[in-house]
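Coordinate inspection notes
Below are the chains, spelled out letter by letter.
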Amino acid sequence: MTQRTVKSALRVLEVLKLFAERKKAMSQTDIYQGLDMPQSSSNFLLRTMIEAGYLTYHREGRVYFPTPEVLNLGKWLEGFGYDFLFGESVITDLMQDLGDRTGETVSITSQNDIFVHFHRINPRNRPPELQFDQGLVVPLTYSSYGQMLLSRQTDRQVDRVCRLIKARETNPDRRFDLQEMIARITALRAHEYAYSLNPMLPAAGSIATILPITIAGRDVAIGVGGPAKRVEERHDEILAAMRETIEKYTARLLAAFGTEHSLPDANISTSAPLI
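Criteria and thresholds
Residues numbered from 1 in each chain as written. Predicted model: local features only at pLDDT ≥ 70, side-chain atom pairs only at ≥ 80, totals over all residues. Heavy atoms only, no water. Salt bridge = Lys/Arg side-chain N within 4 Å of Asp/Glu carboxyl O. Helix = DSSP H or I, 4+ residues; strand = E, 2+ residues; numbered from the N terminus. Buried < 20%, exposed > 50% of the residue type's maximum accessible area, 1.4 Å probe, protein only. Expected span 1.5 Å × (residues − 1). Contact = heavy atoms within 4.5 Å. Phe/Tyr/Trp six-rings, centres within 6.5 Å; stacked < 30°, edge-to-face > 60°. Axes fitted to C-alpha atoms, helices over the stretch in contact; angles between N-to-C directions. Parallel < 35°, antiparallel > 145°, perpendicular 65-115°, else oblique. pLDDT = per-residue confidence, 0-100.

Right, let's talk about the pattern of salt bridges for a bit. Inspection of every chain in the model, using the stated rule, returns 14 salt bridges. Its salt-bridge partner being arginine 234, residue glutamate 104 comes within 3.1 Å of it at the nearest N-O pair. Taken together, the residues glutamate 104 in the loop between helix 5 (90-102) and strand 3 (105-112) and arginine 234 in the loop between helix 9 (228-233) and helix 10 (235-257) connect sequence positions 130 residues apart. For aspartate 155, the salt bridge is made with arginine 189, and the minimal N-O distance between the two is 2.6 Å. One end of the pair, aspartate 155, is in helix 7 (residues 155-168); the other, arginine 189, is in the loop between helix 8 (178-187) and strand 6 (194-198), and 34 residues separate them in sequence. Classification of arginine 189 by relative accessible area gives partly exposed; the value is 32%. Within this structure, Asp97, Arg101, Glu244 and Lys248 form a network of salt bridges that share partners.

Put into structure tokens, the structure is as follows:
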């Protein structure tokens, strides 16, 4: 899809994300090479972040490090359940257990406007051509995660979102028949799980469902993904593992998040994937 971004704003977030990934103080060279940006641009950006109070600079070591204000920026969000997405929590245990049972990559996602946001990814047995970063944001129609999340919306919202995604899609390989997509997504309301391929990664397939909780008022989808051929061949096995694992952790999830969304009737056939 075509995306417009404010480059300087995005660079600030990329700097903070780089620190989150490397978890150490870094030199200017580490930063501009890590982000593949011009040295002159990085100099201005880092100086601005220091003056704004979000980076500190140690002259003796000539390295940068985030200030306590960066931690404080998002600390208030812990009360909305975001803290359960990272670190040690019932979500961590659920993802680890499901990964152990299936031997495949497990992801946690939620809806962000017309996109699905991959908040956390536990990679397993994933070939290089199927690699993508945690934090990825893609249109809802692109994956089983997004399609399941969108199926929770009203008919009007489903229609509107599908039209927006199709209108913004410039890659002909990713365009879809509008009425077929709307019908597919609304049909998912009668199913517990969904399977689909990803048009960004045609060799990738995933099975996803909605967890019986919300985080900050948003539904949360969990799924198992990997090479499409392998996921299709193991469809029933993966589906059974997902059902059993989620049931095992449901009480802990509800205790942690204090809310329950009933799942649709489990009337999905396990004889074939939902395509």
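A few words now on helix 3 (residues 39-51). The terminal C-alpha atoms of helix 3 lie 19 Å apart, and with 13 residues this matches the ideal 18 Å at 1.5 Å per residue to within 8%. Each element contacted by the buried residues of helix 3 is listed here: helix 1 (7-22), helix 2 (28-34), strand 1 (55-58) and strand 2 (63-66). Downstream of helix 3 by one or two residues, glycine 53 has phi in the positive range, about 90°.

Glancing now at the packing of aromatic side chains. All told, the structure shown has 5 aromatic pairs when counted by the stated rule. Ring plane angle 45° and centroid distance 4.7 Å describe the contact between phenylalanine 84 and phenylalanine 257, whose orientation is recorded as tilted. With phenylalanine 84 in the loop between helix 4 (68-75) and helix 5 and phenylalanine 257 in helix 10, the pair connects residues that are 173 residues apart, well separated along the chain. For phenylalanine 257, a relative accessible area of 15% gives the class buried. Ring geometry for phenylalanine 118 and phenylalanine 132: centres 5.3 Å apart, planes at 75°, overall edge-to-face. Of this pair, phenylalanine 118 sits in strand 4 (residues 115-122) while phenylalanine 132 sits in the loop between strand 4 and strand 5 (137-139), and the two are 14 residues apart along the sequence. Overall, phenylalanine 118 belongs to the buried group, its relative accessible area being 3%. On the basis of relative accessibility, which here comes to 22%, the residue phenylalanine 132 falls in the partly exposed class. Of the aromatic side chains, those joined through ring pairs into one cluster are Phe118, Phe132 and Tyr145.

Close contact between helix 1 and helix 3 brings their axes to 11 Å; oriented N to C, the two are set at 75°. The orientation of helix 1 relative to helix 3 falls into the category roughly perpendicular. Facing Ser8, Arg11, Val12, Val15 and Leu16 of helix 1, the residues of helix 3 in contact are Leu45, Leu46 and Met49.

Before going further, it helps to examine the confidence of the model for the chain. Overall, the predicted model of the chain reaches an average pLDDT of 87, with 92% of residues at or above 70. The low-confidence segment residues 260-275 (pLDDT under 50) makes 39 contacts with residues lying over four places distant or belonging to another chain.

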